[in-house]
Amino acid sequence: MKKITIIICTLLITILCKTAIAQDQAAMKAWQDYMTPGDVHKMIATSNGTWNEEVTTWMAPGQPPTKSTATAENTMIMGGRYQQTKHTGTFNGMPFEGMSLLGYDNAKKVFMSTWIDNMGTGVMNLEGKWDPATKSINFTGVAVDPTTGKDMNVKETFTIVDNNSQKLEMYVVNDGKESKTMEILLKRK
């Protein structure tokens, strides 16, 4: 009986060790897949370089737009995992600086975008999916409404027109209604 108990305990320990090793290997593979830039990151990197921007802004629905120009500089950072974009230009006669980070989360299978600029003190966070039919990423997220101090829903559509042309459209969403607030036409320098 004692010998059978030892054999059973040895078998159980062996099975548990093999299970733990398999779980560790699966966890390691998941982390490796999560941290390794892939084809989507290579696609993002094709936008690296300097871009001229024609910016059209609508301050309120039905109001005439304001036009300005800016420059964007795209650079992959963190080993090709994220694209940092620095925008410089003018807005309403004032110097404008903005910065965004664009990434693709391998685990969630979504694009992520953050935005900050010198016209505010908040951070806009967006997530979106790639639409191969329109060559666009349709982002949704939140930004602060400075008039209320509360979050408002925003939508952004980023379209790759061709290798040297892109379009970015931004909307605010109030009571389920979208209002276009900005359009940026980008041309590679």
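Here, the structure is the one placed above.
Worth saying up front: this structure is predicted, and the values here are computed from it rather than measured.

Applying the stated criterion to the full structure yields 3 aromatic pairs. Between the aromatic rings of Phe96 and Trp115, the centroid separation amounts to 6.3 Å while the plane-to-plane angle is 20°, which identifies the pairing as stacked. Here Trp115 lies in strand β5 (residues 110-117) and Phe96 lies in strand β4 (residues 94-105), a separation of 19 residues in the sequence. Note on Tyr104 and Phe111: the rings are 5.0 Å apart at their centroids and 65° apart in plane angle, and the pair reads as edge-to-face. Judged by relative accessible area, which is 16%, Tyr104 ranks as buried.

Examined bridge by bridge, strand β7 (residues 136-145) and strand β8 (residues 150-162) share 10 bridges and lie antiparallel to one another. Residue Asn138 lies in a different strand from β8, and its bridge partner there is Thr157. Linking β7 to β8, which pair antiparallel, is a turn of 4 residues; within it Gly149 sits at a positive phi near 75°. Taken together, the 9 bridges between β8 and strand β9 (residues 165-174) define a ladder with antiparallel strand orientation. Considered in β9, the bridge of Lys155 is made with Tyr171.

With that out of the way, let us pick up the pattern of salt bridges. If you walk through the whole model with that rule in mind, you get 6 salt bridges. Here Lys42 ties to Asp39 by a salt bridge, and the two come within 3.9 Å at their closest N and O atoms. In this pair, Lys42 and Asp39 are both assigned in helix α2 (residues 39-45), 3 residues apart and thus about one turn of the helix distant.

Criteria and thresholds
- Residues numbered from 1 in each chain as written.
- Predicted model: local features only at pLDDT ≥ 70, side-chain atom pairs only at ≥ 80, totals over all residues.
- Heavy atoms only, no water.
- Phe/Tyr/Trp six-rings, centres within 6.5 Å; stacked < 30°, edge-to-face > 60°.
- Helix = DSSP H or I, 4+ residues; strand = E, 2+ residues; numbered from the N terminus.
- Buried < 20%, exposed > 50% of the residue type's maximum accessible area, 1.4 Å probe, protein only.
- Pairing = 2+ DSSP bridges.
- Salt bridge = Lys/Arg side-chain N within 4 Å of Asp/Glu carboxyl O.

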